[in-house]
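# Coordinate analysis (summary)
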Amino acid sequence: MSSLIKILSCYGYTSKEQQLAFIKLLYLAHAFDTEIFCQDLKAVNFSQEQIKSALNLIEQAINDTNFNADLILTNLFSNYFSGIWPETMLNWLIRVTQREFFARKRGQERWQQETGKWILQAEIETRKCCKLLGLENKVLARYENYPITTIFGSTYPEMKLRMQYLKELIDTKKLTTQKIYFLCGERPATVDIDGDSNFLKKIAAYFKIEETAITEIYLAQYIYKEENDNSLFYQIPFEVIGVSKKDNSRPTTVDTLYELIKKIPHYRGNILFISRAPSIKAQEEETIVTLQNSLPQAKPEIIGNSGTDVSTIRLVSALGAAFYAGYARVAKALGAKYTLDELNKKKEAYNYDNQTAGQL
């Protein structure tokens, strides 16, 4: 089995069709263009001999009349990682997917990301690959009862869809839970992202605050209150966990997870997390790594409804986010002997911030 196949399988892309779709995305993103390919391989410490061998293979796989994704999938660097974990290969994938898929600096929101040109140029083919990778697919719960259920924060429309999905599951008795948490951060509300100006004025009036003071935390509270009825959902204890800014940056998913852990430091058992496609995979990766490290007796499961009317750019960005978030877990699965902190430092060396800062 080639290193690429091993890595993609660890990320959950186990079918040949999905793996070839991922290779096609790399091709569409120009990751195999000679100059770019050489720069990226050099940046992650491939040797000159390895780079030369890789270029020869790429030349065989790509010509004016043909793109042989299977040749790349099964043979790229296959001779260099016998018996050891393919660190340089994984680092290369993180570097490329951060730059070409994710393309978001620290502190930026997804609607501010800088990727898009290659996606728009080949949108039909890119969309087909995303469909094969299941980025828009619904993920169902494995069980019928979870002691704790948690909703991930996001923009107002996204949070509302996530809560409505959970509410429907509970009200139709497909799911039971004893406690619901809503994880949110102190992200300022954004006009036309969280709602139009009139809507935000309404929120400010409801909470008796200035419009500039509205954050994701207030939006989550409002979502819960605006549809309050006598349904089963509203009979369950509910708590919004709001995380303040740190270093003038809005909290991340991981920050909110650590705040949840403070609430349940000795919890053992299943926890259900509610997301929505295409964010499910990335939030699953972040949650698994965080809880394994800080709440190891908990068994997280991330589900969500299918994505509807999601832009192709957002689908690709979510894929890049998932690869980055899963780096430590996948490295461990492939045999890495580093600690979690060491793996996170390795991962951060290739993030989008460092690449755009000219450090790589």
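Above: the structure in question.
The model shown is predicted, which means the values in this text are computed figures rather than measured ones.

This part covers the overall build of the protein. On a plain count of helices and strands, the protein comes out with 17 helices and 7 strands. By its C-alpha atoms, the protein is 65 × 45 × 40 Å across when sized along the principal axes. When each of the 360 residues of the protein is scored for burial, the buried share is 52%. When contacts within the protein are restricted to residue pairs at least 6 apart in sequence, those whose partners lie at least 24 apart make up 77%. Accessible surface computed for the protein: about 17,000 Å², of which carbon and sulfur atoms make up 46%. Of the side chains in the protein, 44 bear a positive and 42 a negative charge, and the two mean positions are spaced by 4 Å.

Attention shifts here to helix H1 (residues 3-10). Looking only at H1, the buried set comprises Ser3, Leu4, Ile5, Ile7 and Leu8. On its buried face, H1 is in contact with helix H2 (16-28), helix H5 (69-75), helix H6 (87-102), helix H14 (312-325) and helix H15 (327-333). Just downstream of H1 lies glycine 12, where phi reads positive at about 100 degrees.

Between helix H10 (residues 197-207) and helix H11 (residues 216-226), the shortest axis-to-axis distance is 11 Å and the interhelical angle comes to 85 degrees. Classified by the angle between their axes, H10 and H11 sit roughly perpendicular to one another. Within the contact between the two elements, H10 uses Phe199, Lys202, Ile203, Tyr206 and Phe207 and H11 uses Tyr218, Leu219, Gln221, Tyr222 and Lys225. Across the contact of H10 with H11, the residue classes tally to 7 nonpolar, 1 polar and 2 charged.

Moving on to the side chain of arginine 187. With respect to the helices, strands and loops of the structure, arginine 187 is situated in the loop between strand S4 (176-185) and H10. Only 2.9 Å separates the side chain of arginine 187 from the side chain of aspartate 194, close enough to count as a polar contact.

What follows concerns the packing of aromatic side chains. If you walk through the whole model with that rule in mind, you get 23 aromatic pairs. Seen in terms of ring centroids, tyrosine 11 and phenylalanine 323 are 4.0 Å apart; in terms of plane orientation they differ by 25 degrees. Their pairing is stacked. Taken as a pair, tyrosine 11 in the loop between H1 and H2 and phenylalanine 323 in helix H14 lie far apart in primary sequence, 312 residues in all. Geometrically, the ring pair formed by phenylalanine 101 and tryptophan 118 is tilted, given 5.9 Å between the ring centres and 35 degrees between the ring planes. Here phenylalanine 101 is found in helix H6, whereas its partner tryptophan 118 is found in helix H7 (residues 117-121), with 17 residues between them in sequence.

Here the focus is the pairing of strand S3 (residues 145-152). The element S3 is largely enclosed, with a buried count of 6 among its 8 residues. The pairing of S3 with S4 spans 7 bridges and is classified as parallel. Bridge pairing in S4 places phenylalanine 152 opposite leucine 183. Once the chain exits S3 it traverses helix H9 (residues 156-171) before rejoining the sheet at S4, and the crossover so formed is right-handed.

Conventions and cut-offs
Residues numbered from 1 in each chain as written. Predicted model: local features only at pLDDT ≥ 70, side-chain atom pairs only at ≥ 80, totals over all residues. Heavy atoms only, no water. Helix = DSSP H or I, 4+ residues; strand = E, 2+ residues; numbered from the N terminus. Buried < 20%, exposed > 50% of the residue type's maximum accessible area, 1.4 Å probe, protein only. Contact = heavy atoms within 4.5 Å. Areas by Shrake-Rupley, 256 points an atom, 1.4 Å probe, with all protein chains shown as cover. Lys, Arg positive; Asp, Glu negative; His and termini not counted. Charge placed at Lys NZ, Arg CZ, Asp CG, Glu CD. Axes fitted to C-alpha atoms, helices over the stretch in contact; angles between N-to-C directions. Parallel < 35°, antiparallel > 145°, perpendicular 65-115°, else oblique. Nonpolar A, V, L, I, M, F, W, Y, C, P; charged D, E, K, R; others polar. Polar contact = N/O pair within 3.5 Å; in protein donor to acceptor, adjacent residues only side chain to side chain. Phe/Tyr/Trp six-rings, centres within 6.5 Å; stacked < 30°, edge-to-face > 60°. Pairing = 2+ DSSP bridges. Right-handed = clockwise from strand over helix to strand, strands pointing away.

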